[in-house]
Amino acid sequence: MAEKRDYYEVLGLQKGASEDEIKKAYRKLAKQYHPDLNPDNPEAEAKFKEVNEANDVLSDPQKRARYDQFGHAGIDPSYGGGAGGYGGGFGGFGGFSGDGIDLGDIFDSIFGGGGGQRSNPNAPRRGSDISISLDISFMEACKGLSHEVEINRAETCEACHGSGAKAGTSPKTCPECKGSGQVRFQQRSILGMMTSTRPCSRCGGKGKIIETPCPECNSGRVQRRKKVIVNVPAGIDNGQTLCVRGEGNSGTNGGSKGDLNVRITVRKDPIFERKGFDVWCEIPVTYTQAVLGDELTVPTIDGNVKYSIPEGTQPGTVFRLKGKGIKRLQREGRGDQMVRVVIEVPRKLNKKQKEALQNYEKELGPQNYEKRSGFFEKIKQFGEDIKKNFS
């Protein structure tokens, strides 16, 4: 079979050309070599066919993808095999055999082989992470704490130092795979004889064979209970995760340890509620305190403080205690404390109390109830508008 030119070269393009560039190049060359414009010109006719063939492949996304990865063999399975068909070193791909190209490497990149590069089974591998939950109180989240947790984790066996072999012995290189952990095999497919790889069955893909296992571990690692100090910073919030570096499972083949991930759960507090870095609470006051004003004792995460509310404090009034909130993580400053006033209406009054309250109410006028007076003025105006416009 005659050697084919690169399709991009045929159209005068670079690999990676856009669809528009392919279309423009094809139109130009097809017109240049068209048989009607070049009668009795075998060379122009051959060029015209070559241009059409190149366009047929590069204008089709699927064909182009196969061509970009496998060249002409991705489009024509018999390319490179000569008249022998399957008779070459790799059947339909016999032309590749003489160049030392392993099509197993190529197809590994499609079917999970990592682009033809095989990882060393005995290379150092980092240990896996361990995840746990830690339940703390609202005040512990505000102030921070050091807490000791106990975990199960895999640690390097001290008897064999992680090799998995009995002391005084060492693992042997697997004679089947020569330490690679994989073996090659051939199988016939529609594309010819293909070479691929699979984990070595003799060593289990590890590349080494342990003839005398360590009696302490059998694997190079042992499970142990371990106490770890977790430093919870002030300001941590519910659902956040702390990472304690190097306190996870031990690695293999000399690899580093994983991490310990601690997910924080903060219990609800009966007094305080968190919103961002601000703390909210409600303070019940009596009707008299709201009317006359008073000095209140307000709880904060730092302890009780005094705060004076003015005369005529309304229900739902919120006042701010600057800097009395939660510490901001990884930066300076704190949030604020927001205190909402809740006026508690007295219940179960006796006859004398009711009479006193009624006498007190008689002494009050519209000027003492700004909202109430304004509301009834609006109702009066609304009634007049209805009467004027709809009666």
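Whatever comes next refers back to the structure up there.
A short tour of the structure in this document, coming up. (Residues numbered from 1 in each chain as written. Predicted model: local features only at pLDDT ≥ 70, side-chain atom pairs only at ≥ 80, totals over all residues. Heavy atoms only, no water.)

1. What to know about the overall build of the chain
Turning to step 1, where the next piece is worked out: When helices and strands are tallied, the chain shows 10 helices and 15 strands.
Turning to step 2, where the next piece is worked out: In the chain, the proportion of contacts linking residues at least 24 apart, taken out of those at least 6 apart, comes to 61%.
Turning to step 3, where the next piece is worked out: Entry remark: accessible area of the chain is about 25,400 Å², with carbon and sulfur atoms responsible for 49%. (Helix = DSSP H or I, 4+ residues; strand = E, 2+ residues; numbered from the N terminus. Contact = heavy atoms within 4.5 Å. Areas by Shrake-Rupley, 256 points an atom, 1.4 Å probe, with all protein chains shown as cover.)

2. Side note on unusual backbone geometry
Turning to step 1, where the next piece is worked out: In this structure, D40 is a non-glycine residue whose phi angle is positive, near 55°.
Turning to step 2, where the next piece is worked out: With respect to the helices and strands, D40 occurs in the loop between α2 (19-33) and α3 (42-58).
Turning to step 3, where the next piece is worked out: A residue is classified by how much of its surface remains accessible, and D40, at 82% relative accessible area, is exposed.
Turning to step 4, where the next piece is worked out: Phi at H161 takes a positive value of approximately 60°, unusual for a residue other than glycine.
Turning to step 5, where the next piece is worked out: One can find H161 in the loop between β2 (145-156) and β3 (172-173). (Buried < 20%, exposed > 50% of the residue type's maximum accessible area, 1.4 Å probe, protein only.)

3. Side note on the packing of α2 against α3
A pair of packed helices is captured by two measures, namely the crossing angle of their axes and the spacing between those axes.
Turning to step 1, where the next piece is worked out: One can describe the packing of α2 onto α3 by two numbers: an axis separation of 9 Å at closest approach and a directional angle of 160°. The orientation of α2 with respect to α3, classified from their angle, is roughly antiparallel. Between α2 and α3 lies a crossing of left-handed hand. Listed contacts from α3 to I22, Y26, L29, A30 and Y33 of α2 are A44, K47, F48, V51, N52, N55 and L58. (Axes fitted to C-alpha atoms, helices over the stretch in contact; angles between N-to-C directions. Parallel < 35°, antiparallel > 145°, perpendicular 65-115°, else oblique. Left-handed = near helix turned anticlockwise from the far one by under 90°.)

4. Structural notes on the packing of aromatic side chains
Any pair of aromatic rings gets described here by the distance separating the centres and the angle formed by the planes.
Turning to step 1, where the next piece is worked out: What the rule picks out here adds up to 5 aromatic pairs.
Turning to step 2, where the next piece is worked out: Aromatic side chains Y8 and Y67 sit 6.2 Å apart centroid to centroid with 40° between the ring planes, which places their arrangement in the tilted category. Of this pair, Y8 sits in helix α1 (residues 7-10) while Y67 sits in helix α4 (residues 61-70), placing them 59 residues apart in sequence.
Turning to step 3, where the next piece is worked out: Take Y8: its relative accessible area is 3%, and that puts it in the buried class. (Phe/Tyr/Trp six-rings, centres within 6.5 Å; stacked < 30°, edge-to-face > 60°.)

5. Re the pattern of salt bridges
Turning to step 1, where the next piece is worked out: By the definition in use, this model includes 19 salt bridges.
Turning to step 2, where the next piece is worked out: A salt bridge links K49 to E45; the shortest N-O distance between them is 3.8 Å. Of this pair, K49 and E45 both sit in helix α3, 4 residues apart, which is roughly one turn of that helix.
Turning to step 3, where the next piece is worked out: Note that D302 is salt-bridged to R334, the shortest N-O span being 2.9 Å. Of this pair, D302 sits in the loop between β12 (294-300) and β13 (303-309) while R334 sits in the loop between β14 (318-321) and β15 (337-344), and the two are 32 residues apart along the sequence.
Turning to step 4, where the next piece is worked out: The class of D302 is partly exposed, set by a relative accessible area of 37%.
Turning to step 5, where the next piece is worked out: Look at the salt bridges and you will find they share partners, linking R126, D129, R245 and D259 into a network. (Salt bridge = Lys/Arg side-chain N within 4 Å of Asp/Glu carboxyl O.)

6. A word on the layout of surface pockets
Turning to step 1, where the next piece is worked out: A volume near 770 Å³ is recorded for the largest pocket.
Turning to step 2, where the next piece is worked out: Y287, A290, V291, Y360 and Y369 are the residues nearest the centre of the largest pocket, which is lined by 25 residues in total.
Turning to step 3, where the next piece is worked out: Elements with a contribution of two residues or more to the lining of the largest pocket: α8 (287-292), β15, α9 (351-362) and α10 (370-390).
Turning to step 4, where the next piece is worked out: Examining the composition of the lining of the largest pocket, we find that 5 residues originate from one element, α8, more than from any other.
Turning to step 5, where the next piece is worked out: For the second largest pocket, the calculated volume is near 520 Å³.
Turning to step 6, where the next piece is worked out: Along its surface, the second largest pocket is lined by 22 residues, and G162, S163, K206, S219 and N253 are the ones closest to its centre. (1 Å grid on protein atoms, 1.4 Å probe; cavity = no way out; pocket = protein on both sides within 12 Å on 5 of 7 lines; lining within 4 Å. Points joined across faces, edges and corners; volume = space filled by probe spheres on them.)

7. Quick look at the sheet that holds strand β9 (residues 260-266)
Turning to step 1, where the next piece is worked out: With mixed pairing, 3 strands are arranged side by side in an open sheet as β1-β9-β8. The open sheet has two free edges, formed respectively by β1 (130-136) and β8 (241-244), since each of these has just one partner strand. Taking the axes of each pair of neighbouring strands and ignoring which way they run, one obtains an average angle of 25° across the sheet.
Turning to step 2, where the next piece is worked out: The pairing of β8 with β9 spans 4 bridges and is antiparallel. When the bridges of β9 are listed, L242 appears paired with V262. (Pairing = 2+ DSSP bridges.)

8. Some words on the nonpolar core
Turning to step 1, where the next piece is worked out: Within the largest apolar cluster, 35 residues are counted, with the highest numbers of intra-cluster contacts made by I136, V232, L260, V262, I264 and V285.
Turning to step 2, where the next piece is worked out: Apart from the residues lying within four places of it in its own chain, the contact partners of I264 are L134, I136, V232, I236, D237, N238, G239, Q240 and L242.
Turning to step 3, where the next piece is worked out: Among the nonpolar cores identified, the runner-up in size contains 18 residues, and Y8, V10, A17 and A25 belong to it. (Core = buried A, V, L, I, M, F, W, Y, C linked by side-chain atoms within 4.5 Å.)

9. Structural notes on the packing of α3 against α4
Turning to step 1, where the next piece is worked out: Close contact between α3 and α4 brings their axes to 6 Å; oriented N to C, the two are set at 100°. Considered as vectors, α3 and α4 are oriented roughly perpendicular to each other. Seen from α3, the contacting residues are D56, V57 and L58; seen from α4, they are K63, R64 and Y67.
Turning to step 2, where the next piece is worked out: Per-class residue counts for the contact of α3 with α4 are 3 nonpolar, no polar and 3 charged. (Nonpolar A, V, L, I, M, F, W, Y, C, P; charged D, E, K, R; others polar.)

10. Observations regarding the sheet that holds β15
Turning to step 1, where the next piece is worked out: A sheet is described by the order of its strands in space; here 4 strands give the open sequence β10-β11-β15-β14, paired in mixed fashion. Strand pairing shows two members of the sheet lacking a second neighbour, β10 (273-275) and β14, which therefore form its edges. Taken over all neighbouring pairs, the strand axes of this sheet differ in orientation by 35° on average, direction set aside.
Turning to step 2, where the next piece is worked out: Bridge count for β14 against β15 is 4 bridges, and the pairing is antiparallel. Along β15, the bridge assignment pairs L321 with Q337.

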